[in-house]
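The lines below spell out each chain.
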Amino acid sequence: MTKELLQQVRLIDPVSGTDKIADVLIVDGYIQAMASQISDISADIFVQDCRGLVLGTGLVDLYSHSGEPGFENRETLASVLQAAAAGGFTRVGVLPDTCPSIDNPALVAQLQQKRVGEKASAYLQIWGAITLDLAGKQLTEFRDLATAGVVGFTDGKPWENLSIVRRVLEYLQPFGKPVAFWPCDRSLSANGIIREGAEALRIGLPPVPASAETSAIAALLELVAAIRTPVHIMRVSTARSVDLIATAKFQGLPVTASTTWMHLLLDTSDVKSYHTALHLDPPLGNPNDVVALRGGVRRGVIDAIAIDHAGYTYEEKVQAFTESPPGAIGLELALALLWQNLVETGEFTALELWRVLSNQPAACLQQEIKAIKVGEKAELTLFDPEHTWTVNRENLYTLSNNTPWFGKEIKGRVLQTWC
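Bear in mind that the values here come from a model prediction, so they are computed numbers and not experimental data. (Residues numbered from 1 in each chain as written. Predicted model: local features only at pLDDT ≥ 70, side-chain atom pairs only at ≥ 80, totals over all residues. Heavy atoms only, no water.)

1. So, the overall build of the protein
And step 1. The secondary structure content of the protein amounts to 14 helices and 17 strands.
And step 2. Radius of gyration (C-alpha) of the protein: 21 Å, near the 22 Å computed for a compact globule of 419 residues.
And step 3. For the protein, the C-alpha atoms occupy an extent of roughly 65 × 50 × 45 Å along the three principal directions.
And step 4. Here the protein holds 419 residues, and 58% of them are scored as buried.
And step 5. For the protein, contacts bridging at least 24 residues in sequence account for 74% of all contacts bridging at least 6.
And step 6. When the accessible area of the protein is evaluated, it comes to approximately 16,900 Å², of which 50% is carbon and sulfur surface. (Helix = DSSP H or I, 4+ residues; strand = E, 2+ residues; numbered from the N terminus. Rg over C-alpha atoms; globule rule 2.2 N^0.38 Å. Buried < 20%, exposed > 50% of the residue type's maximum accessible area, 1.4 Å probe, protein only. Contact = heavy atoms within 4.5 Å. Areas by Shrake-Rupley, 256 points an atom, 1.4 Å probe, with all protein chains shown as cover.)

Now the structure itself:
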């Protein structure tokens, strides 16, 4: 029997709206006692002085990428789950863009079985593909994938044929599973890799107009209005997109939305370094986009912050900016950098940040995060906002280095998770 007493820890529970100092006793993975001070301490209890530390509900990542199967040199399933746990995430969603893609129940079962064989880390949640090979043409067997235990359905890539999107919404309605779309009109984005604007002109990279995203969102919302199947909108990155989603929610459409953590922290001016880890898709927004996204998160228009962790090898990323594949790692960095840039600056409260990283992402997946209270199973994250560390190979579980913070010192580190 394991007994752990966390003394004078800052308890952040977005489910109950609690932000207070307390002692918490965890016995065999369950919260046994919680009080302003626990004085009855037996000899078999491991006591931690947690003054200055934060104990919150487990974090939930809506979607990230696993290299396995097919690209294990980028990332394995084990490394993704270990990185997630090291970053405070107790649940992590894996997108189906593997090789082969996750478009059949046999592969779902294989990945789930592999997870059972790994050491305890984060809980794996698998997204099932909507179309075979993510080609956007032939639909997968939704019922078989749902029975196999996928968390929801997505191709995780832009759609070209709206008639298929309409059919998908009609077919998936009875299953009651989340369905996620990444709205982007590739005919408008073309070969662009930086958000259109003054900074794009100065940097000299091909631009992506905001309308490439907003026109696709508008079209998707029209289909949702007609069919009423709930959808999740992935990778929101522009100010106008926030306005469109806010209007849709005001009108009662069944939509949720997420943006990624890097789109809340960086903008087009950062791309002038030409660091290939800043080549993202959708691209980083202009400063007004960042302001709108942060406001959308605080107001609840954007329901959740996703990590969209995407590992690449050194050889894949060390080339010309325009030739590098888009994506960056983030599972082990996001909480620390978001806390440092949003909470410590006073722009977000601790509860506001924790809410969009924990119980609200779970709600987007039609799941529940339990409140921190006596008798509940411990799904918790212990975080030290003052711990300073260097982002390097020795300190990372992920196999990849593609982040603009690699080699730099950051503040904030997860010390432990209970899952």
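2. What to know about the sheet that holds strand 7 (residues 89–94)
And step 1. Taken in spatial order, the four strands line up as 6-7-8-9 in an open sheet, and their pairing is parallel. Of all strands in the sheet, those with a lone pairing partner are strand 6 (59–64) and strand 9 (152–153), marking the two edges. (Pairing = 2+ DSSP bridges.)

3. A word on the sheet that holds strand 15 (residues 304–306)
And step 1. Sheet architecture is open: four strands sit in the order 10-13-14-15, paired in parallel fashion. Single-partner strands in this sheet number two, and they are strand 10 (180–181) and strand 15.
And step 2. Relative to strand 14 (residues 255–260), strand 13 (residues 231–233) runs parallel, the two being bridged by three bridges. Looking across to strand 14, one finds that His232 is bridged to Thr256.
And step 3. Relative to strand 13, helix 7 (residues 211–227) is tilted by about 170°, and along the sheet it contacts strand 10, strand 13 and strand 14. (Axes fitted to C-alpha atoms, helices over the stretch in contact; angles between N-to-C directions.)

4. A closer look at the packing of helix 12 (residues 334–343) against helix 13 (residues 350–357)
And step 1. Two elements in contact, helix 12 and helix 13, have axes separated by 10 Å at closest approach and are oriented at 145°. The handedness of the crossing between helix 12 and helix 13 is right-handed. Side by side, helix 12 and helix 13 meet where Leu335, Leu338, Trp339 and Val343 of the first sit next to Ala350, Leu353, Trp354 and Leu357 of the second. (Left-handed = near helix turned anticlockwise from the far one by under 90°.)

5. Focus on the packing of aromatic side chains
And step 1. Considering all chains together, one arrives at eight aromatic pairs under this definition.
And step 2. With a centroid separation of 6.4 Å and an interplanar angle of 85°, the aromatic rings of Tyr274 and Phe321 are classed as edge-to-face. On the criterion of sequence distance, the pair formed by Tyr274 in the loop between helix 9 (261–265) and helix 10 (287–299) and Phe321 in the loop between helix 11 (314–317) and helix 12 is long-range, its members being 47 residues apart.
And step 3. Tyr274 sits in the partly exposed class, given a relative accessible area of 39%.
And step 4. Taking the centre distance of 5.5 Å and the plane angle of 65° together, the rings of Trp339 and Phe383 count as edge-to-face. Taken as a pair, Trp339 in helix 12 and Phe383 in strand 16 (residues 380–390) lie far apart in primary sequence, 44 residues in all.
And step 5. Against the face of Trp182 rests Arg235, its NZ or CZ located 4.6 Å from the ring centre.
And step 6. In this arrangement the basic side chain of Arg413 is found over the ring face of Trp389, its NZ or CZ atom lying 3.8 Å from the centre. (Phe/Tyr/Trp six-rings, centres within 6.5 Å; stacked < 30°, edge-to-face > 60°. Lys NZ or Arg CZ within 6 Å of the ring centre and 35° of its normal.)

6. Focus on empty space enclosed by the protein
And step 1. This model, assessed by the stated rule, comprises two cavities of 30 Å³ or more.
And step 2. Considering the residues around the largest cavity, the lining is formed by Ile31, Thr57, Ile369, Lys370, Ala371, Ile372, Glu376, Lys377, Glu379 and Leu380.
And step 3. Within the lining of the largest cavity, the residues separate by chemical class into five nonpolar, one polar and four charged.
And step 4. If you add up the space inside the second largest cavity, you get close to 40 Å³.
And step 5. Around the second largest cavity sit Ala86, Gly87, Glu332, Leu335, Ala336, Phe383, Trp389, Gly412, Arg413 and Val414, which together line it.
And step 6. Secondary-structure elements contributing two or more residues to the lining of the second largest cavity are helix 12, strand 16 and strand 17 (409–418).
And step 7. Ranked by residue count, the leading element in the lining of the second largest cavity is strand 17, at three residues.
And step 8. For the lining of the second largest cavity, a count of residues per class yields six nonpolar, two polar and two charged. (1 Å grid on protein atoms, 1.4 Å probe; cavity = no way out; pocket = protein on both sides within 12 Å on 5 of 7 lines; lining within 4 Å. Points joined across faces, edges and corners; volume = space filled by probe spheres on them. Nonpolar A, V, L, I, M, F, W, Y, C, P; charged D, E, K, R; others polar.)

7. Some thoughts on the pattern of salt bridges
And step 1. Counted according to the given criterion, the structure contains 15 salt bridges.
And step 2. Note that Lys3 and Asp44 form a salt bridge whose closest N and O atoms lie 3.0 Å from each other. Here the residue Lys3 occupies a position in strand 1 (residues 3–13), and Asp44 occupies one in the loop between strand 3 (30–35) and strand 4 (46–49), the gap between them amounting to 41 residues.
And step 3. For Asp44, a relative accessible area of 46% translates into the label partly exposed.
And step 4. A salt bridge links Asp303 to Lys249; the shortest N-O distance between them is 2.6 Å. In this pair, Asp303 sits in the loop between helix 10 and strand 15 while Lys249 sits in helix 8 (residues 239–250), placing the two residues 54 residues apart along the sequence.
And step 5. For Asp303, a relative accessible area of 13% corresponds to the buried category.
And step 6. When its relative accessible area of 24% is taken as the criterion, Lys249 is described as partly exposed. (Salt bridge = Lys/Arg side-chain N within 4 Å of Asp/Glu carboxyl O.)

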